[in-house]
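Notes for the structure review
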Amino acid sequence: MITLKEALAMSKDELNKFKDELQTKIEANKDLNAYIDVNTFGEGVPVAIKDNIQVKEWSVTSASKILQGYIAPYNATVIEKLLAAGLSPFGRTNMDEFAMGSTTETSCYGKTLNPVNPEHVPGGSSGGSAAAVGAGLAIAALGSDTGGSIRQPAAYCGIVGMKPTYGRVSRYGLGAYASSLDQIGPMTQNVEDAAIFYDIISGSDVKDSTNAMRDDKVSDNLNPERKLTIAILPKYIENASDDVKEAYRKAVEALKAQGHTIVEKEMMDAKYDISAYYVTATAEATTNLGRYDGIRYGNRVEGANLEETYYKTRSEGFGDEVKRRILLGNFVLSSGYYEAYYVKAQKTRHLIKEEYAKIFNDVDLILSPVAPNVAPKFGELANPMEMYLSDIYTISVNLAGLPALSLPIMKNAAGMPVGLQLIANAYEEQTLFDGAMSLEKEIAYK
């Protein structure tokens, strides 16, 4: 597959020919179920779009039955930025319903397969985007990351996935899961493409009240020769699998070979991250999903009265995982439990931010696992608690609002990709991409 950088230099005729070839290739790989459908919008470089990002006149459903029949009336800000830069949406990618899941098994369109080995999950919730790029069915794709939903599927599918600093990319037009955690980000074949894509979609937007209103760019200033101080976390990875520990060792050696300074740091037990994240995310999800009532838009199941219409629409429209998180969110926000759970979660979130700030006083980047293991086989995370724990290494980044980038390091004995992530301080995307490019250059993942 050609890179995004190469595609941006193609002529209109070359692009049209390439799109026809790409459409044929996608049709030939329908079993992967990376795409829900393949629509086109504009004449630019084709990029795949996760099914929770508004593209005008497209059906946009967040992979949920409750939004069947909804047609987007406007473009998300990131789509407007794509079009202005000579890119164009090309197909909706599959995802976990309302971005709630780690395997892309909760989609109403059925599961997506891992392009490396179809017996394994592609990760989630941006599993369709990751599988499309990993299988060579997309030059690049947009995903969204609430607790690792770009970085984890990128690691499982052997591609690059980047979560920007909270506020660097507009959320206007993104289907909300947890508003204080969600970020749209690029999923690409290499680090340079990720930097180019990030530059295109990032920047100020008056339509998003949480936008950082910063327009500095990174791709023109990429410098893999820059020497950085990078923190490693020996105790933090003790519960990771042998494959992840081996990849971590390889990455540390590669960073040393590139001349970076390696220092050891410690972080608090990640069990606190899990607790703070799932209380915060489900509380916000409960509020955000309250709008799906069958009255304003989407699917409706008629009842004898208004209350019964609400009840039937939401009962039949939402899947089990979404219902589970709505119930949990209502519980932690309910009278008598708000102080015991939600307020404590916000205090813990503040501690997590402070811990990162303390580490970044001494270092430029942190090297961390993305997941405890390689992509599991379908059915291995049937227990919801096991699925939640698979996010143990990614969610603290969202709680702290930091940028992070996942890139492939090696393959295990069974041929499955093992990815790691670099984490930077807020608004230090330039440092993040410089460090990631340096690591990618030394590792030379194939």
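Right, let's walk through the structure included here.

About the cut-offs
- Residues numbered from 1 in each chain as written.
- Predicted model: local features only at pLDDT ≥ 70, side-chain atom pairs only at ≥ 80, totals over all residues.
- Heavy atoms only, no water.
- Disulfide = S-S within 2.5 Å.
- Buried < 20%, exposed > 50% of the residue type's maximum accessible area, 1.4 Å probe, protein only.
- 1 Å grid on protein atoms, 1.4 Å probe; cavity = no way out; pocket = protein on both sides within 12 Å on 5 of 7 lines; lining within 4 Å.
- Points joined across faces, edges and corners; volume = space filled by probe spheres on them.
- Helix = DSSP H or I, 4+ residues; strand = E, 2+ residues; numbered from the N terminus.
- Nonpolar A, V, L, I, M, F, W, Y, C, P; charged D, E, K, R; others polar.
- Patch = residues over 30% accessible without salt bridge, like charges linked within 9 Å, V, L, I, M, F, W, Y side chains within 5 Å.
- Areas by Shrake-Rupley, 256 points an atom, 1.4 Å probe, with all protein chains shown as cover.
- Salt bridge = Lys/Arg side-chain N within 4 Å of Asp/Glu carboxyl O.
- Pairing = 2+ DSSP bridges.
- Right-handed = clockwise from strand over helix to strand, strands pointing away.
- Phe/Tyr/Trp six-rings, centres within 6.5 Å; stacked < 30°, edge-to-face > 60°.
- Lys NZ or Arg CZ within 6 Å of the ring centre and 35° of its normal.
- Contact = heavy atoms within 4.5 Å.
- Expected span 1.5 Å × (residues − 1).

In protein chemistry, a disulfide is the covalent bond that joins the sulfur atoms of two cysteines. Evaluated as defined, the whole model comprises zero disulfides. Between Cys157, a cysteine without a disulfide, and Cys108, which holds the nearest cysteine sulfur, the sulfur-to-sulfur distance is 20 Å. Given the relative accessible area of 3%, Cys157 is considered buried.

Here we take up empty space enclosed by the protein. This model, assessed by the stated rule, comprises two cavities of 30 Å³ or more. Space inside the largest cavity adds up to approximately 80 Å³. Along the walls of the second largest cavity sit Ala155, Tyr156, Val244, Val370, Ala371, Asn373, Val374, Pro417, Val418 and Gly419, which together make up its complete lining. Looking at the lining of the second largest cavity, the elements with two or more residues in it are helix H5 (151-157) and strand E11 (417-424). When its residues are assigned to classes, the lining of the second largest cavity shows eight nonpolar, two polar and no charged.

A contiguous nonpolar patch, built from Leu328, Phe331, Tyr337 and Tyr341 and spanning about 340 Å² of accessible area, is present on the exposed surface. Tracing the chain through its elements places Tyr337 in the loop between helix H10 (320-333) and helix H11 (338-360). For Tyr337, a relative accessible area of 37% corresponds to the partly exposed category.

As a further point, take the pairing of strand E8 (residues 261-264). In the sheet, strand E7 (residues 229-232) pairs with E8 via four bridges, with the strands oriented parallel. Note that in E8 the partner of Ile232 across the bridge is Glu264. Crossover handedness for the path E7 to helix H7 (residues 242-257) to E8: right-handed.

Enumeration according to the criterion identifies 13 aromatic pairs in this entry. Ring centres of Phe331 and Tyr337 lie 4.4 Å apart, and the angle between their planes is 35°; on these two criteria the pair is classed as tilted. A relative accessible area of 32% places Phe331 in the partly exposed class. Looking at Lys111, its charged tip hangs above the ring of Phe378, at a distance of 4.2 Å from the centre. The residue whose ring lies beneath Arg214 is Tyr427, and the NZ or CZ to ring-centre distance is 4.2 Å.

Looking now at the environment of Tyr172. In this fold, Tyr172 is placed in the loop between strand E5 (160-163) and strand E6 (183-188). Since its relative accessible area comes to 28%, Tyr172 is described here as partly exposed. A C-alpha to C-alpha distance of 26 Å links Tyr172 and Lys5, two positions 167 residues apart in sequence. Every residue in contact with Tyr172, bar those within four places of it in the chain, is listed here: Tyr74, Asn75, Ala76, Thr77, Asp205, Lys207 and Asp208.

An ideal rise of 1.5 Å per residue puts 21 Å on 15 residues; helix H14 (residues 429-443) measures up with 21 Å between its terminal C-alpha atoms. By the criterion of burial, H14 is predominantly enclosed, with twelve of the 15 residues buried. Taken together, the buried positions of H14 are occupied by Glu429, Gln430, Thr431, Leu432, Phe433, Asp434, Gly435, Ala436, Met437, Ser438, Leu439 and Ile443. Residues of H14 that are buried sit in contact with E5, helix H6 (191-201), H7, strand E9 (365-369), strand E10 (404-411) and E11. Just downstream of H14 lies Ala444, where phi reads positive at about 50°.

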